[in-house]
Amino acid sequence: MALYSVGGALVSALLSHAFLVTLLFPLVWLVLRSLYRISPLHPLSHVPGPLLPRISSLWLTYHAWIGDEASVVEALHRQYGPVVRNGPNSVDISDGAALATIYTERGGFVKPAFYENFALPDATQVHNSIFSEVDPSIRAPRAKAVAVLFSTSNLRQSQDVIYKCVDRFVERLAGGKKASQQGGEPLNVLNLTRGLAVDAVTSYLFGTSYGGLNERKSQREHEKVAVQRELAEPMSATGMVDSFVAVGRFWYLPKWAFNIVESLDAWWNADEQLSQSLAQVDEFVASVVRDAEEAIRASTSTATSDEKTTAVSSRHPLTSYPARLLQAGFTPSETRAQCKDLIFAGTDSTGMNLATILFMLVRRPECHARLREEMLGLAHRPGFDELQSLPYLRGVVKEGLRLSMANPSRLPRVVPKGGWTFKNNMSNNTDYYFPAGTEVSCTPYSLHLNERVFRDPRSFVPERWLEPSDEMLRDAIPFGLGSRQCIARNLATVELFCAVARVVEANVLHGASTVKSSIDILEWFNSKVVGERIDLVWG
Ligand code: HEM
């Protein structure tokens, strides 16, 4: 009876303080969850790491946001060793021995759900891209439809398309040099390399050039004014590319929170230039996909003669990226989203890498001289394939890719059913067991700057690639690794080789100096160059 009345009193007390209970319940839950996460009962309790990331994934989210994630995780490795817990359920490994299991063997582990925060809008729909799709069975038919475009033999056949863009790029660089010598503004080389990247991707894959290197053509009659403006103004796709790069600030958030933060961010940072850039890219992509649809319609036997005439006039190749996706049965809306993704991925990374290589060659004139000697020492202008076998040029490109940090932060994956034991030979032969569902990653920043593998790791030393160790070859992962490595690795590599070779051949960098002594970045998934400029000046 007494017990009954005590219970009743407790219930009525709780009910009369419903507000307090509502407030307390989540707090108690949070405290209990945090205690569990730092307790020996947690399956990752054996992995070293500081307190905050063990308690909450907000720690990593915060560092991604402020843009120091990769260097902060590297600092953890220095303190705790090659295996560190950087979140309640996540672990980063700075030992290249982990790469094969995580990314390559048996197709590698799958990407975590937050990759889907990189999905792309098209009108009222949102589509996962080949990059953001986490389900391998959904990604596979899309990648299969376009894979042939990224093969070396296909690229070889279309090399003229790439060279045309590269030559225009060298011309623009030379124009910038002239203007700078005449006392103009410093040349933002990142703007031009992005122009080359967007033109190469769109000319080669879409059959139509975006024209990033040909903007403001109408002002040609005032050449000097036009050049000055080109030096100062960003290429028109820049706003769109930068807005996608900025998704990396909060991509770790769960979908619902991501959507709220993204909407607030879009409202807060709304500006005319960005809206124009987004609209311009949308318009370009829409017209490319329309042309592809027309060409497909006209190629079918049921096409009317009018349709055939339109298709012939548009001359859109049935083998283009959008045409291949459409013919494989994907909707025009999804095809537009996939094309926009390529414009973003292809412009940002290649642009950043090429600008970094040029920056490094200017900073190290002796490397530029040696490369020029290699190029000029050839009896003939090297062909497409021969370029990639020139030892010093290879060293320059590989070293640029190692240091450029276009994608500096971790490449996370999820441990599959059955768990995974990582046999760590680096620190006391400790074995680490990670249960299914654990997020594991290697971080290009840590691997590329590991002094055990790359002596004097922060210096640009192309010579180190003349006789690389097995570990160097294993740990340099600028394109990622395995089944989800960069789909356009061959295309990007070819762009870099051709552009660096032609720039050095034309001797445009002669007499150049850099405005800053280093390239400072925000370490988002795709890094952002602070100030969005990599400036060169010629005296
Ligand atoms: C030097 C230039 C480039 C670098 C350093 C680079 C780097 C990367 C990296 C690191 C990944 C893997 C990300 C991960 O594992 O989470 C990736 C994936 C990808 N990249 Fe690139 N990329 C470059 C150029 C390009 C270009 C030119 C394109 C398009 C034309 C492109 C399209 C893609 C796509 C679609 C994926 C997703 C592949 C998949 O998940 O199946 N990238 N890239």
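All of these numbers come straight from a predicted model, not from anything done at the bench. (Residues numbered from 1 in each chain as written. Predicted model: local features only at pLDDT ≥ 70, side-chain atom pairs only at ≥ 80, totals over all residues. Heavy atoms only, no water.)

With that settled, the discussion passes to the overall build of the protein. A tally of regular secondary structure across the protein gives 23 helices and 13 strands. Computed over C-alpha atoms, the radius of gyration of the protein comes to 26 Å, within 12% of the 24 Å expected from 2.2 N^0.38 for 539 residues, which places it in the range of a compact globule. Summarising its shape, the C-alpha atoms of the protein cover approximately 100 × 60 × 45 Å along the three principal directions. Relative to its 539 residues, the protein shows a buried fraction of 51%. Summing over all exposed atoms, the protein offers an accessible surface of approximately 24,800 Å²; the carbon and sulfur share of this is 58%. Once the 54 positive and 56 negative side-chain charges of the protein are each reduced to a mean point, those two points are 2 Å apart. (Helix = DSSP H or I, 4+ residues; strand = E, 2+ residues; numbered from the N terminus. Rg over C-alpha atoms; globule rule 2.2 N^0.38 Å. Buried < 20%, exposed > 50% of the residue type's maximum accessible area, 1.4 Å probe, protein only. Areas by Shrake-Rupley, 256 points an atom, 1.4 Å probe, with all protein chains shown as cover. Lys, Arg positive; Asp, Glu negative; His and termini not counted. Charge placed at Lys NZ, Arg CZ, Asp CG, Glu CD.)

Okay, the site of the ligand next. The environment of the ligand is made up of 27 residues, and the closest members are Y115, R139, R413, R484 and C486. A distance of 3.0 Å is found between an oxygen atom of the ligand and a side-chain nitrogen or oxygen belonging to K111. Contact between the ligand and R413: an oxygen atom at 2.8 Å from a side-chain N or O atom of the residue. Mapping the ligand onto the cavity grids shows that it belongs to the largest cavity. (Near = heavy atom within 4 Å. Polar contact = N/O pair within 3.5 Å; in protein donor to acceptor, adjacent residues only side chain to side chain. 1 Å grid on protein atoms, 1.4 Å probe; cavity = no way out; pocket = protein on both sides within 12 Å on 5 of 7 lines; lining within 4 Å. Sits in = over half its atoms within 2 Å of the grid points.)

Another aspect to go through is the layout of surface pockets. What the second largest pocket holds in volume is close to 490 Å³. Elements supplying a minimum of two residues to the lining of the second largest pocket: α4 (58-66), β1 (83-87) and α13 (255-268). Residues that form the lining of the second largest pocket fall into these classes: eleven nonpolar, seven polar and five charged. (Points joined across faces, edges and corners; volume = space filled by probe spheres on them. Nonpolar A, V, L, I, M, F, W, Y, C, P; charged D, E, K, R; others polar.)

Okay, the UniProt feature "binding site: heme" (unreviewed entry) in the protein next. Per the UniProt entry, the sites bearing "binding site: heme" (unreviewed entry) are C486 in this numbering. On the secondary structure map, C486 appears in the loop between α22 (470-475) and α23 (489-506). On the basis of relative accessible area, C486 is assigned to the partly exposed category, the value being 31%. (UniProt positions renumbered as here; feature names shortened; annotations may be inferred.)

Attention now goes to a nonpolar patch on the surface. A contiguous nonpolar patch, built from L20, L24, F25, L27, V28, W29, L30, V31, L32, L35, I38 and L51 and spanning about 1,200 Å² of accessible area, is present on the exposed surface. The dominant element in the nonpolar patch, judged by the number of residues it contributes, is helix α2 (residues 18-38), at eleven residues. Within the fold, V28 resides in helix α2. (Patch = residues over 30% accessible without salt bridge, like charges linked within 9 Å, V, L, I, M, F, W, Y side chains within 5 Å. Salt bridge = Lys/Arg side-chain N within 4 Å of Asp/Glu carboxyl O.)

What follows covers the pairing of β1. When you tally the buried positions in β1, you get five out of five residues, the bulk of the element. As defined by bridge partners, β1 adjoins strand β2 (residues 90-93) across four bridges and the pair is classed as antiparallel. For V83, the partnering residue across the bridge sits in β2 and is I93. Linking β1 to β2, which pair antiparallel, is a turn of two residues. (Pairing = 2+ DSSP bridges.)

Let's shift gears to the packing of helix α18 (residues 365-376) against α23. Between α18 and α23, whose axes approach to 9 Å, the crossing angle comes to 95°. Relative to α23, the element α18 is oriented roughly perpendicular. Only V500, A501, V504 and E505 of α23 make contact with α18, whose side of the interface consists of H368, L371, R372 and M375. When grouped by side-chain class, the residues that make up the contact of α18 with α23 number five nonpolar, one polar and two charged. (Axes fitted to C-alpha atoms, helices over the stretch in contact; angles between N-to-C directions. Parallel < 35°, antiparallel > 145°, perpendicular 65-115°, else oblique. Contact = heavy atoms within 4.5 Å.)

The subject of this paragraph is the packing of helix α12 (residues 238-245) against helix α14 (residues 272-299). Between two packed helices, what matters for the description is the angle formed by their axes and the separation of those axes. Interaxial distance between α12 and α14 falls to 7 Å at its minimum, and their mutual angle equals 100°. With respect to α14, the element α12 is oriented roughly perpendicular. Taking contact as the criterion, the partners of T238, G239, M240 and S243 in α12 are, on α14, L274, S277, L278 and V281. Considered class by class, the residues forming the contact of α12 with α14 number four nonpolar, four polar and no charged.

This part is about the environment of V247. Inspection of the secondary structure assignment puts V247 in the loop between α12 and α13. Considering only alpha carbons, one finds V247 and N117, 130 residues apart in sequence, at a separation of 7.7 Å. Apart from the residues within four sequence positions on either side, V247 is in contact with N117, F118, F258 and E262.

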